[in-house]
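For reference, the chains in residue letters:
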Amino acid sequence: MAFRNLAEFLRALEADGDLVRVRREVSPRLEISEIADRAVKGDGPALLFENVSGSAMPVAINLFASRRRTLRALNIASWEEWDERLEPLLDPKPPEGLVEKLKAIPKLTDLASVFPKTVRSAPCQEVVETGDAVDLSKLPVLTCWPGDAGPFITLPLVITRDPASRKVNAGVYRMQVFDRNTTGMHWQKHKDGAGQARGYEREGRKMEVAVAIGADPATVFSGVAPLPPGISEFLFAGFLRGEGVPLVSGKTVDVPVPAEAEIVLEGYVLPGERRREGPFGDHTGFYSLEDDFPVFHVTAVTRRKSPVYLTTIVGRPPMEDGFLGEAVERLFLPLVKKTIPEIVDMHLPVEGIFHNLMIVAIDKRFPGHARKTMHAIWGTGQMMFSKTIVVVDRDVPLRNAPELLWRVLTAIDPERDIEFVRGPVDELDFASRLPCYGSKMGIDATRKWKEEGFARRWPDEIVMSPEVRKRVDELWPSLGIKLGGKP
Ligand SMILES: Cc1cc2nc3c(=O)[nH]c(=O)nc-3n(C[C@H](O)[C@H](O)[C@H](O)COP(=O)(O)O)c2cc1C
Ligand SMILES: [Mn+2]
């Protein structure tokens, strides 16, 4: 069953023994960060800090920082179950015969029920603060790392409307708190929020923005999901939940917000206004340098009576966002396969922080197929950022790093098999020659074919004969050989 709100999710984690309440007083300046970092790197529980100096609000962190918790948050039993759930959408077969038709009806009505629902009154508006009452210093915003320019709201769901189509976008973009009612707005230029902002700037118009901090976990996750522009994050969240997300209109802005959110900031971004943002200890494991970004003016804060402040920290991997990245990988694989059908599997190791390394297994059918796959990936949504793409044959295991390395490195003639291209790169890439522009590399590690100009014979892999293996399996217990080092 889907979680209605953050509190329900916290209760479920606590019931599982997967949440620890920290009662000792801790500082939101670096201390929570250090505790959360140790917890995530040691496969620890989710954390709820109940006594945070300088703020009356508790801080929740690491709610997604394990595979088990992330699956739970997303209302998914297993990745296989998710594939089954998508199947009727991606591969619709007209039902044949009366029985099949009747069976299809609940599935169709299920779909209707996942659209967002508009409600009139909402827990996230129990308290409304405007004017001088707006004071972001009441929030327990973390300063995450010693070199950070200040406190940053790290898991905000930033909600905006397209100026032309009025379509709603929701994206997670960090926000540096500048003072009691202004923050930075770190939407990178390739992201949907920035795209909508460009529309307002062209027309010289003020842009209304609402930011939800803390909501039911599927809705929070939808802001991270790399959905194509124009596809509603709230619809996606509803599909995950199996139940539409209740939305309420902002009190002072014409932007819908999740009714069950903990805290909502309402305000605007002015065309052309920029302010220095950063440095910020980022998910690359390095500090992102300071740069100029739009400014968010907060004109109202609406919230629950006793809200929980939801946050995360990024930094040297593995971190909480690595589990979000893994979920993105598994959730989107069926959709990627639909557009690039030769892809059998893909994997983005956490050390590659999403964009630095993508490994894909393909069902190779024609000469040059691996290169065709790379270009398709570089041409698809946020996968365009893939700095290194390694393409292997379908029988190569992607999640076993030693075996993968062995196979890739034996399979390549580097000069022949590495392809360099230039194009857009992730805004966080600090090694590229220019911000947002640089080179990318594809490694074709598939077996090479005659039709690809490979005139030599490809050798067979060494495998022991099955009869001998079986005989030794039988003998083994009597051989007295102990594995795994000295007793
Ligand atoms: C913890 C966390 C922080 C993020 N911070 C930013 C950010 O500051 N700026 C940004 O453009 N994307 C950031 N992202 C990535 C976006 O949320 C992601 O690309 C999302 O798909 C953007 O939504 P959109 O496609 O609707 O723009 C962050 C992701 C996570 C998990
Ligand atoms: Mn979007």
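You'll find the structure just up there.
The notes below deal with the structure included here.

Procedures and definitions
- Residues numbered from 1 in each chain as written.
- Chains lettered and ligands numbered in written order.
- Predicted model: local features only at pLDDT ≥ 70, side-chain atom pairs only at ≥ 80, totals over all residues.
- Heavy atoms only, no water.
- Helix = DSSP H or I, 4+ residues; strand = E, 2+ residues; numbered from the N terminus.
- Rg over C-alpha atoms; globule rule 2.2 N^0.38 Å.
- Buried < 20%, exposed > 50% of the residue type's maximum accessible area, 1.4 Å probe, protein only.
- Contact = heavy atoms within 4.5 Å.
- Lys, Arg positive; Asp, Glu negative; His and termini not counted.
- Charge placed at Lys NZ, Arg CZ, Asp CG, Glu CD.
- Donors = N, O, S within 2.8 Å, 3.2 Å for Na, K, Ca; no water.
- Pairing = 2+ DSSP bridges.
- Core = buried A, V, L, I, M, F, W, Y, C linked by side-chain atoms within 4.5 Å.
- Salt bridge = Lys/Arg side-chain N within 4 Å of Asp/Glu carboxyl O.
- Near = heavy atom within 4 Å.
- Polar contact = N/O pair within 3.5 Å; in protein donor to acceptor, adjacent residues only side chain to side chain.
- Areas by Shrake-Rupley, 256 points an atom, 1.4 Å probe, with all protein chains shown as cover.
- Nonpolar A, V, L, I, M, F, W, Y, C, P; charged D, E, K, R; others polar.
- Phe/Tyr/Trp six-rings, centres within 6.5 Å; stacked < 30°, edge-to-face > 60°.
- Lys NZ or Arg CZ within 6 Å of the ring centre and 35° of its normal.

1. As for the overall build of the protein chain
Then comes step 1: For the protein chain, the helix and strand inventory stands at 13 helices and 25 strands.
Then comes step 2: Taken over C-alpha atoms, the radius of gyration comes to 25 Å for the protein chain, in line with the 23 Å a tight globule of 487 residues would show.
Then comes step 3: For the protein chain, the C-alpha atoms occupy an extent of roughly 80 × 60 × 60 Å along the three principal directions.
Then comes step 4: Per-residue burial over the protein chain gives 51% buried out of 487 residues.
Then comes step 5: Considering only contacts within the protein chain whose residues lie at least 6 apart along the sequence, 71% involve residues at least 24 apart.
Then comes step 6: Charge separation in the protein chain, taken as the distance between the mean sites of 65 positive and 69 negative side-chain charges, equals 1 Å.

2. Topic: the coordination of the manganese ion (ligand 2)
Then comes step 1: Protein coordination of the manganese ion (ligand 2) is provided by Asn 169 (OD1), Asp 192 (OD) and Glu 233 (OE), with donor distances spanning 2.1 to 2.2 Å.
Then comes step 2: Counting the intervening residues between successive donors of the manganese ion (ligand 2) yields the motif N-x22-D-x40-E. Taken as a pair, Asp 192 in helix 6 (residues 192-202) and Glu 233 in helix 8 (residues 233-241) lie far apart in primary sequence, 41 residues in all. Comparing Asp 192 with Glu 233 shows no difference in burial state: the two are buried.

3. So, the sheet that holds strand 13 (residues 256-258)
Then comes step 1: If you trace the three strands from one edge of the open sheet to the other, you get 4-12-13, paired in mixed fashion. Each of the sheet's edge strands pairs with one partner strand only, and the pair in question is strand 4 (117-118) and strand 13.
Then comes step 2: Of the pairings in the sheet, the one linking strand 4 to strand 12 (residues 246-249) comprises two bridges and is parallel in character. Residue pairing across strands places Lys 117 opposite Pro 246, the latter belonging to strand 12.

4. Concerning the nonpolar core
Buried together is how nonpolar side chains tend to be arranged in soluble globular proteins.
Then comes step 1: Among the nonpolar cores identified, the biggest contains 54 residues, and Leu 63, Phe 221, Phe 236, Leu 240 and Leu 331 are the most heavily contacted of them.
Then comes step 2: With residues near it in sequence (within four places) discarded, Leu 63 still touches Leu 6, Phe 9, Leu 10, Leu 13, Leu 19, Ala 46, Leu 47, Arg 69, Leu 310 and Glu 320.

5. Some details on the pairing of strand 19 (residues 295-303)
Each regular strand displays side chains that alternate between the two surfaces of the sheet.
Then comes step 1: With eight of nine residues buried, strand 19 is to be regarded as a mostly interior element.
Then comes step 2: Here strand 5 (residues 127-130) runs beside strand 19; their pairing, made up of four bridges, is antiparallel. Counterpart to Thr 130 in the pairing with strand 19 is Ala 300.
Then comes step 3: Note: strand 10 (residues 182-184) against strand 19, three bridges, orientation antiparallel. Following the sheet pairing, Gly 184 is matched in strand 19 by Val 295.
Then comes step 4: Here seven bridges tie strand 14 (residues 263-269) to strand 19, and the two strands are oriented antiparallel to one another. Residue pairing across strands places Leu 265 opposite Val 301, the latter belonging to strand 19.

6. Some details on the pattern of salt bridges
Then comes step 1: What the rule picks out here adds up to 42 salt bridges.
Then comes step 2: Notably, a salt bridge pairs Asp 345 with Arg 399, separated by 2.8 Å at the nearest N-O pair. Residue Asp 345 is located in strand 21 (residues 343-347), and its partner Arg 399 is located in the loop between strand 23 (388-393) and helix 11 (401-411); the two are separated by 54 residues in the primary sequence.
Then comes step 3: Taking the relative accessible area as the measure of exposure, Arg 399 reaches 42% and is therefore partly exposed.
Then comes step 4: One salt bridge connects Asp 417 with Lys 448, and the closest N-O pair in it is separated by 3.2 Å. Taken together, the positions of Asp 417 in helix 12 (residues 414-417) and Lys 448 in the loop between strand 25 (437-444) and helix 13 (466-479) put the pair 31 residues apart, joining distant regions of the chain. With respect to class, Asp 417 is no different from Lys 448; both count as buried.
Then comes step 5: When salt bridges that share partners are traced, they join Glu 14, Arg 21, Arg 23 and Glu 50 into one network.

7. Points about the site of ligand 1
Then comes step 1: Lining the immediate surroundings of ligand 1 are 21 residues, of which Val 172, Tyr 173, His 186, Asp 192 and Gln 382 lie closest.
Then comes step 2: In the environment of ligand 1, a nitrogen atom lies 2.7 Å from a nitrogen or oxygen atom belonging to the backbone of His 186.
Then comes step 3: Contact between ligand 1 and Val 224: an oxygen atom at 3.0 Å from a main-chain N or O atom of the residue.
Then comes step 4: Surface burial for ligand 1 is 91%, taken as the share of its 640 Å² of free accessible area covered by protein chains.
Then comes step 5: Secondary-structure elements contributing two or more residues to the shell around ligand 1 are strand 8 (168-172) and helix 6.
Then comes step 6: Class assignment for the residues of the shell around ligand 1 results in eight nonpolar, nine polar and four charged.

8. A short note on the packing of aromatic side chains
Aromatic ring pairs are described here by two measures, namely the spacing of the ring centres and the angle between the planes.
Then comes step 1: With the rule as written, the count across this model stands at seven aromatic pairs.
Then comes step 2: Between the aromatic rings of Trp 82 and Phe 239, the centroid separation amounts to 5.7 Å while the plane-to-plane angle is 70°, which identifies the pairing as edge-to-face. Placement of the pair is Trp 82 in helix 4 (residues 79-90) and Phe 239 in helix 8, with a sequence separation of 157 residues.
Then comes step 3: Accessibility expressed as a relative area gives 15% for Phe 239, which makes it buried.
Then comes step 4: With centroids separated by 6.0 Å and ring planes inclined at 85°, the aromatic side chains of Tyr 173 and Trp 187 adopt a geometry described as edge-to-face. Taken together, the positions of Tyr 173 in the loop between strand 8 and strand 9 (175-179) and Trp 187 in the loop between strand 10 and helix 6 put the pair 14 residues apart, joining distant regions of the chain.
Then comes step 5: Under the relative-accessibility criterion, Tyr 173 is labelled buried at 7%.
Then comes step 6: Classification of Trp 187 by relative accessible area gives buried; the value is 4%.
Then comes step 7: Over the ring of Tyr 268 we find Lys 206; its NZ or CZ atom is 4.3 Å from the centre of that ring.
Then comes step 8: In this structure, Arg 275 is placed above the aromatic ring of Phe 178, and the distance from its NZ or CZ to the ring centre is 4.0 Å.

9. Things to note about unusual backbone geometry
Then comes step 1: Cis peptide bonds are those with omega within 30 degrees of zero, and the linkage from Gly 278 to Pro 279 qualifies with 0°.
Then comes step 2: With respect to the secondary-structure elements, Pro 279 resides in the loop between strand 15 (275-277) and strand 16 (280-281).
Then comes step 3: With omega at 0°, the peptide bond leading from Pro 317 into Pro 318 counts as cis.
Then comes step 4: The topology assignment puts Pro 318 in the loop between strand 20 (309-310) and helix 9 (320-339).

10. Concerning the pairing of strand 25
Then comes step 1: Pairing geometry for strand 23 and strand 25, over four bridges, is parallel. Residue pairing for strand 25: Val 391 is matched across the bridge by Asp 444.
Then comes step 2: Relative to strand 25, strand 24 (residues 418-424) runs antiparallel, the two sharing seven bridges. Counterpart to Phe 420 in the pairing with strand 25 is Met 441.

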